[in-house]
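Letter by letter, the chains look like this.
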Amino acid sequence: MKNRTSSHVFILLLIVAITAISHYSIYYGGLIRGYETSFYSGVRNIGLLAILALLPIVLKHAFKFSGNWTIYTSAVLLFSIGLTVQYRLFSDPEYISRQDRAAAREAKIRTLQMHYIQENYSAEKKQIMGLPATPPSPVDLSKETPRPSEETLTAVLFSGKTINPLLGLFGLIAAILFLRNEKVLEFLQNNGFLIVLLTLGPLIVAAVTSRAGKSIGNMTPWEPAKIPFLIGFAAILAVLYKNLARTYWGLPRAKDVVPLVFMAALPFVPFFLLKDFGQMMVFSAVYATLYLIAVRRFTQRSVFVGTVLLVVSILIVGALPLSTQERIPLLPTVAAPVKSVLPDRIQQRFHLWLDGFNPPTPETSWWKSDYDAYYKKLVEKDPNLPQLLEQDPDLQRSINVDAWFDVLAFQPAQATFGLASGGTTGRGLGLGYPELIPVADSDYIFAALAEELGLFGGLLLTLALLVLVSAGVRTALDSRDMFSKLCSIGLTAFIGFQALVNIGGITRALPMTGITLPFVSHGGFSLITSFVMLGMLMAFSHRNALDRRPDDIKLLP
C-alpha cells in the first residue's frame, strides 16, 4: 500500500469503528453477568482513538509531515487493543473492587445461575426452588436491573487513563516537531554524555526511594529515562564507530571501547538497586543491537556475539532450578559458584519459568524468607500449628505449596490457565475471566487478551508489533547519518524487545520479568514514553522522506 495519508486515515477510522463495536460487546457481556459497564469510559476511549485517527490530517497539512504512516497506524492499532482490554477489566466490579471483591464475584455467579435456570429449567423445577413457575424462555436483558457503574464523569475526565494518553499525544507531537530540526539533533549528539549524567541523578534517587518498583505514586520514573540513555549511547557510538573498526584479533582498542562500556553500564546502576531483571534484559538487548549496527567488521561482530552468548549461557546455567541441573551430571557442581552470586530475584524468576508448578523446598535460600513470613502469619492465626507439624511432617509440604502459590506462583499460574482456556478463538469479549489474573491491565494484559480473543487476538497483536518494528527498521536503514540510524534502530529495539520480553514471559517462552507491553498495557510513564518514542521515529522517518526529495528541503524548519 502506498504511503497515502488518506488511506491510513481510512484504516484508522476503521479501527475506531471496530473498537466501538468491541466496547459494545463488552457492555453486552457485562449485562449477561448482571452489571453495567461505564458509559463515560467508553466514550472517552472512542474519543481518544478518534483524535488519533484525525491527527494525521493535521500533521500532513499543518506540519507537512512526509514520513511513513505505517509506524503510526500500527501503534494506534496496538493502543486500541489496549483500550479495549482495559475497558473490559476496569468495568468489571470484581476486578476494581478492593473490599467487596468476593461479594461482586458472588453477584455475578448468581446472575449467571438465574439466567441458566430461566432458560433451561422446567416450570415444575422452578416451582420446587421457590421461583415463579414459568416455562423455559430466553433471557430478556432489557427487563433486568443490572448493577450500575459507579464511575462518574469527573472521575473519568481526571483519571490517569485519560490524562496519560493525552500527555503521550502531546509528547508525540512535540517529538515530531523538535526532532525535525537539525540544530536539535546536533545538540543531542554533541551533549549525549551530559544528558545521561543529568538523567542518572534523579533516576538513582527514584530507585532508592521506590517501593515495589514504584515511585511518584504508582508510576515508574525509569521508563522515560530510556530515551536520554539511548540518545547518550547513540551519540558516543556515532563518534567512535569508525575507530571501532581498528581491531586486534577482533578486539577494538581500549581507548575506544572503554567509553562505550562506561556509558552502557550507567543505566544498570539503578536497575541493580531495584533488582529489575526485566529492564536489564531490555537494555542489554538494545545496547547489543546498537553495537552490532555500528561495527562493520565480521571478526568484531563474531567476537562480540560469542562473548554475549558465553555470558548469557553462564548466567542461565547458574540460574537454572536445582531439579533441572540435577538431570545433567556435574552441572550442579559447576553452576554452584554462579548461583551463589546471582540475585535471589533472578533465581526466583527462572524457577517460576522452568518449574513454576513445583515449589522449592523451604530451605532454599531465595525462598526461605518468603516461606518463613507466610508460616509466621499462620502461627499467629493458629498457635497449635508447630505441634501439628511435629505430629505430621507431611503438613509442611502442604503449607509450602500453599505459600508458593499464594506469594509467588499464583499470578503466572492464572495467566497460564487463561491462555489455555482462550483456545483458538477465545471465550468472547466480556465472557472470559481475566479479572482473576492480578494486574491483568499491566504486566499480564496479553493473557487477558488471549483468554477472550484466543489465538487470533494474540496473533493480531503480534502482527501489529511486527509491522511497527519492520517500519522502524526501514526508517533506520534509510537514515542519512549514523546518529539518526542508531537512534531509529534503538527506539525500534526498545519497543520490540520490551514486547518480546513481556509476551515471552506470559507464554513461558522466557522468564517473566514484570514489564509492560508497549502501547497496550495500562500504565503511566510507560504509555507516555511509548508515544514519545513513536513521535521520534516519525520525525526520523520525515527527515528520510525529505532526503529522497531534495527539492523539498525547504520544508525543514
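All of these numbers come straight from a predicted model, not from anything done at the bench.

Novice: Before we move on, could you go through the overall build of the protein and cite the residues and values that matter?
Specialist: Helix and strand counts for the protein come out as 25 helices and two strands. For the protein, the C-alpha radius of gyration of 27 Å lies close to 24 Å, the compact-globule estimate for 557 residues. In terms of overall dimensions, the protein has a C-alpha envelope of 85 × 65 × 40 Å along the principal axes. By the burial criterion, 49% of the 557 residues in the protein qualify as buried. Partitioning the intrachain contacts of the protein with sequence separation of at least 6 by distance along the chain shows that 71% fall at a separation of at least 24. With an accessible surface of roughly 27,100 Å², the protein has 65% of that area assigned to carbon and sulfur atoms.

Novice: Mind laying out the nonpolar core, listing which residues take part and the relevant values?
Specialist: Generally speaking, soluble globular proteins have nonpolar side chains that are buried together. Membership of the largest hydrophobic core comes to 106 residues, with the highest contact counts inside it found for Tyr72, Phe229, Leu290, Leu461, Phe483 and Leu534. By size, the runner-up hydrophobic cluster in this structure holds 13 residues, among which are Trp366, Leu389, Ala403 and Leu408.

Novice: Account for the packing of aromatic side chains, with residues named and values stated.
Specialist: According to the stated counting rule, one finds 19 aromatic pairs in the structure shown. When the ring of Tyr24 is compared with that of Tyr27, the centres are 5.9 Å apart and the planes differ by 40 degrees; the resulting orientation is tilted. Of this pair, Tyr24 and Tyr27 both sit in helix α1 (residues 5-32), separated by three residues, roughly a single helical turn. Ring centres 6.1 Å apart and planes at 45 degrees place the aromatic pair Phe357 and Phe417 in the tilted group. A residue pair is termed long-range when its members are at least 10 positions apart, and Phe357 in the loop between α18 (344-355) and α19 (365-381) and Phe417 in helix α22 (residues 410-422) qualify at 60 residues.

Novice: Explain the side chain of Thr516 to me, using residue names and the numbers behind them.
Specialist: With respect to the element layout, Thr516 can be found in the loop between α24 (482-506) and α25 (525-547). If sequence neighbours within four positions are ignored, Thr516 has contacts with Glu223, Ser442, Asp443, Gln498, Asn502, Ser521 and Ser526.

Novice: So what's going on with the environment of Gly171? Which residues, and what values?
Specialist: Counting through the fold element by element, Gly171 comes out in helix α8 (residues 160-179). Note on Gly171: relative accessible area 16%, which makes it buried. Separated by 359 residues in the primary sequence, Gly171 and Ser530 place their C-alpha atoms 9.5 Å from one another.

Novice: Could you give an account of the pattern of salt bridges, naming the residues involved and the relevant values?
Specialist: Using the criterion set out here, one finds 18 salt bridges in the structure. Within this structure, Arg33, Arg88, Asp92, Glu94, Arg105, Lys108, Glu435 and Glu452 form a network of salt bridges that share partners.

Novice: Please give an account of the packing of helix α14 (residues 277-294) against α24 that cites residues and values.
Specialist: Packing of α14 against α24 leaves a shortest axis separation of 9 Å and a crossing angle of 145 degrees. The two elements α14 and α24 cross, and the hand of that crossing is right-handed. Side by side, α14 and α24 meet where Met281, Val282, Phe283, Ala285, Val286, Thr289, Leu290, Ile293 and Ala294 of the first sit next to Lys485, Leu486, Ile489, Gly490, Ala493, Phe494, Phe497, Gln498 and Val501 of the second.

Novice: Residues and numbers for unusual backbone geometry, please.
Specialist: In this structure, Lys64 is a non-glycine residue whose phi angle is positive, near 55 degrees. Since its relative accessible area comes to 44%, Lys64 is described here as partly exposed. For Phe519, which is not glycine, the phi torsion reads 70 degrees and is therefore positive. Along the chain, Phe519 turns up in the loop between α24 and α25.

Novice: Which residues make up the packing of α1 against helix α2 (residues 39-62), and what values do they have?
Specialist: Across the interface, α1 lies against α2 with an axial gap of 9 Å and an inter-helix angle of 180 degrees. Viewed along their axes, α1 and α2 adopt a mutual orientation that is roughly antiparallel. Facing Thr5, Val9, Leu12, Leu13, Val16, Thr19, Ala20 and His23 of α1, the residues of α2 in contact are Gly42, Asn45, Ile46, Leu49, Ala50, Leu52, Ala53, Leu54, Pro56, Ile57 and Lys60. Each residue belonging to the contact of α1 with α2 can be placed in one class, and the counts come to 13 nonpolar, five polar and one charged.

Novice: Explain the confidence of the model for the protein to me, using residue names and the numbers behind them.
Specialist: The predicted model of the protein has a mean per-residue pLDDT of 86, with 94% of residues at 70 or higher. Here residues 551-557 is modelled with pLDDT under 50, and outside its nearest four sequence neighbours on either side it reaches 10 contacts, counting other chains as well.

Novice: Lay out α14 in plain terms, naming residues and giving numbers.
Specialist: Under the 1.5 Å per step criterion, the end-to-end length of α14 is 26 Å for 18 residues, consistent within 8% with the ideal 26 Å. For α14, the tally of buried residues reaches 14 of 18 residues, placing the bulk of the element in the interior.

Novice: Before we move on, could you go through a nonpolar patch on the surface and cite the residues and values that matter?
Specialist: Taken together, Phe39, Tyr40, Val43, Leu153, Leu157, Phe158, Ile163, Leu167 and Phe170 make up a surface patch of nonpolar side chains, about 940 Å² in accessible area. Contributing elements (two or more residues each) for the nonpolar patch: α2, α7 (153-157) and α8. The topology assignment puts Phe39 in helix α2.

Novice: Tell me about the side chain of Glu451, residues and numbers included.
Specialist: Of note, Glu451 is situated in helix α23 (residues 445-478). A relative accessible area of 4% places Glu451 in the buried class. Of note is the side chain of Glu451, whose polar atom sits 2.7 Å from the backbone nitrogen of Tyr433.

Novice: Before we move on, could you go through the environment of Ser80 and cite the residues and values that matter?
Specialist: Relative to the assigned elements, Ser80 resides in helix α3 (residues 69-90). With 261 residues separating them along the chain, Ser80 and Val341 place their C-alpha atoms 43 Å apart.

Quick notes on the rules
Residues numbered from 1 in each chain as written. Predicted model: local features only at pLDDT ≥ 70, side-chain atom pairs only at ≥ 80, totals over all residues. Heavy atoms only, no water. Helix = DSSP H or I, 4+ residues; strand = E, 2+ residues; numbered from the N terminus. Rg over C-alpha atoms; globule rule 2.2 N^0.38 Å. Buried < 20%, exposed > 50% of the residue type's maximum accessible area, 1.4 Å probe, protein only. Contact = heavy atoms within 4.5 Å. Areas by Shrake-Rupley, 256 points an atom, 1.4 Å probe, with all protein chains shown as cover. Core = buried A, V, L, I, M, F, W, Y, C linked by side-chain atoms within 4.5 Å. Phe/Tyr/Trp six-rings, centres within 6.5 Å; stacked < 30°, edge-to-face > 60°. Salt bridge = Lys/Arg side-chain N within 4 Å of Asp/Glu carboxyl O. Axes fitted to C-alpha atoms, helices over the stretch in contact; angles between N-to-C directions. Left-handed = near helix turned anticlockwise from the far one by under 90°. Parallel < 35°, antiparallel > 145°, perpendicular 65-115°, else oblique. Nonpolar A, V, L, I, M, F, W, Y, C, P; charged D, E, K, R; others polar. pLDDT = per-residue confidence, 0-100. Expected span 1.5 Å × (residues − 1). Patch = residues over 30% accessible without salt bridge, like charges linked within 9 Å, V, L, I, M, F, W, Y side chains within 5 Å. Polar contact = N/O pair within 3.5 Å; in protein donor to acceptor, adjacent residues only side chain to side chain.

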